[in-house]
Amino acid sequence: MKENSLYDKKSLRSIWGKTKNFNELAKDCVAFSNAEGGTIDIGIEDQEALPPVGQKIPQELPTIVVNEISSKTCNVLLSAKIQVAENGGEYLHLQIHRNSNALSSTTSGKFYLRIGDKSQPIGPEDISRLAADKGCFHWEDAKTPFNWHDADPEKLENLLRNLKLSDRVSNFVKQKEIKEILDHYFLTDPDSDCMTNLGVLFIGRQTQRGRIPNAPIVQCIKYDQYGEKVNKWIWDDYTKNPCEMLNAIWNVIPEWKESTEISEGLLRRNILAYPEQVIRELLVNSFVHRSYTVKGDIFINIYPDHVEIVNPGRLPLGVTEENILHMSRKRNEHFAKIFFDLHLMEREGSGYDMMYETLLANGKSVPVVKEGEDFVSVRVERRIVNKEIIKVMQYADQTYNMKQKQLICLGLITLHESLSASELIRLLGLRDANSLRPWLYPLIDKGLVTGSDTRTKAKEYRVSPLLLQESQYKGKTSLKRIENYRLKELIATDLELYKTASLKDLRLRIGEEIPAKKVRNQLQVLIDEGRIRKVGANRWLKYEFIK
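Residues numbered from 1 in each chain as written. Predicted model: local features only at pLDDT ≥ 70, side-chain atom pairs only at ≥ 80, totals over all residues. Heavy atoms only, no water.

### What to know about the pattern of salt bridges
Side-chain pairs of opposite charge can arise where the charged atoms are in close proximity.
Link 1 in the chain: On inspection of all chains with the given rule, the structure shows 21 salt bridges.
Link 2 in the chain: What emerges from the salt-bridge pattern is a single network uniting K488, E489, E529 and R531. (Salt bridge = Lys/Arg side-chain N within 4 Å of Asp/Glu carboxyl O.)

Put into structure tokens, the structure is as follows:
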């Protein structure tokens, strides 16, 4: 098993003998405890999958390790036991539990966090973020000195009315008194009449909202093709609550209303440059999921070919660029509850699914998430990659009973024309081939997707010709979908004609749309068959036909 954010392995020498170093092990235990927990197998070398044959672990070692780590760390919960591997060798299995109520540290006062396969140190500027993400500090629940009776009466009235009109709010809540409703949504302190930070954000006056820490400010900047600023909108006067700011951003900026006209037979259809559901969901995420312990404005950068929304802070603990489609972490759960009950956001964990489905259904590429040192950005492309994809997605959605994840998988395959199993796993942020099954296999069972003959992760999947025909797909013919045996003969024919060629020249002649990896695989097959050979090396490598 490879080392990752939940697993690590160490040599037995790290805790036994003259080279033992419990301080290093303590650091890793703190890192796991501050993240999602994890396991450490001690007695397995870095490059090995199993312990040495015949290795024996001293019976007293589990107790020694637990005592040593407990004496060198604070707020770390762990257990240790001896296990026997399939080759008969023993190793020590260390289980570190996630501490969701407190920050873990070494006794010397150092903090660490498990990121990928490394235990990274946490600086003073990140400790507040870590505390907020672990639930040790709740910004939205913090009590302010402002009394709810002094709140903005118009904002209070509008919020209560909208909550009572919502079908997501139970009748039991709707029948409560005003203070009880405010307590229910954590807008006020339950033991007093003081508003919380969240309460000031939604029902407070301008002066009150401006005095709470890190109340959201939004800047929208439009750039031309040369990167020069041509327009700017800013919401920094604290007059609007999050609901009003969300509507203002959508209604004021004209770029959201721009569209592209496409033909559908005798009819014409307008495709928005940026679908409303996608932009609203991204704006909602920028309010709800940002870290309010980090200073900074929300930026909406509009370029000629894409829009980028930049949030201060980093992703919640456990959420990465790769798993954001599946992983959900509540950072401001009461904020999210209000937005959900007001129909301003999707249910937890379904926002990115909706954006993937909507963008693919409009023939566009999926959003790209990037996490920096102190920001998170999401990029959405403006252009339609392939208008014909819209026909396929629309026909499949109307004709077949498909779930959202299957529509997303079909959209990705249609967008890329052909994808291998490993590429699908990467694009969908899945763990392995087993987790791909519910996304892909129903499409195969319904005959919407076909696969190549190989049984490895290199097996390629493409939209079935029948679905393309039924949906009246009229896209350009591409060699990206070419079968491997046909590609092999195409390469052989080209080399027979030109005698010698580099990979670049070869792809230039047979089709640049064919992935280089796919061409290399068939070149290797031809080499194994003795039909061609390599000439030169590295950048001068060429392939030569054997007569």
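### Points about helix α19 (residues 503-510)
Link 1 in the chain: Listing the buried residues of α19 in full gives L503, L506 and I510. For α19, the buried positions fall inside an angular range of 60° around the axis, keeping them on one side. Away from the buried face of α19 by more than 90 degrees, exposed residues K504 and L508 are located.
Link 2 in the chain: Taken together, the buried residues of α19 touch α18 (484-498), β22 (500-501), α20 (516-528) and β24 (542-545).
Link 3 in the chain: Following α19 by one or two positions, G511 has its phi on the positive side, about 140°. (Buried < 20%, exposed > 50% of the residue type's maximum accessible area, 1.4 Å probe, protein only. Helix = DSSP H or I, 4+ residues; strand = E, 2+ residues; numbered from the N terminus. Arc of directions from axis to C-beta. Contact = heavy atoms within 4.5 Å.)

### Some remarks on helix α11 (residues 333-341)
Link 1 in the chain: Taken as a whole, α11 has its buried residues at H334, F335, A336, I338, F339 and D341.
Link 2 in the chain: Where the residues of α11 are buried, they touch α4 (153-165), α7 (197-203), α9 (242-252) and α10 (276-288).
Link 3 in the chain: H343 occupies a position one or two residues after α11 and carries a positive phi of about 65°.

### So, the pairing of strand β9 (residues 143-147)
Link 1 in the chain: Taking every second residue as pointing to the same face, the buried face of β9 carries T144 and F146, while none of K143, P145 and N147 on the other face is buried.
Link 2 in the chain: With 2 bridges joining them, β9 and strand β10 (residues 194-196) adopt antiparallel strand pairing. Counted as the bridge partner of K143 is T196 from β10. (Pairing = 2+ DSSP bridges.)

### Notes on the sheet that holds strand β18 (residues 375-381)
Link 1 in the chain: Here we have 6 strands laid out as an open sheet, ordered β12-β11-β15-β16-β18-β17, and mixed in their pairing. Both outer strands of the open sheet, β12 (229-235) and β17 (368-371), are each paired with one neighbouring strand and no more. For this sheet the average axis-to-axis angle between neighbouring strands, irrespective of direction, equals 15°.
Link 2 in the chain: For strand β11 (residues 218-223) and β12, the ladder comprises 6 bridges, and the chain directions are antiparallel. Looking at β12, one finds that C220 is bridged to W233. (Axes fitted to C-alpha atoms, helices over the stretch in contact; angles between N-to-C directions.)

Treat this as a map of the structure, not an account of what it does.
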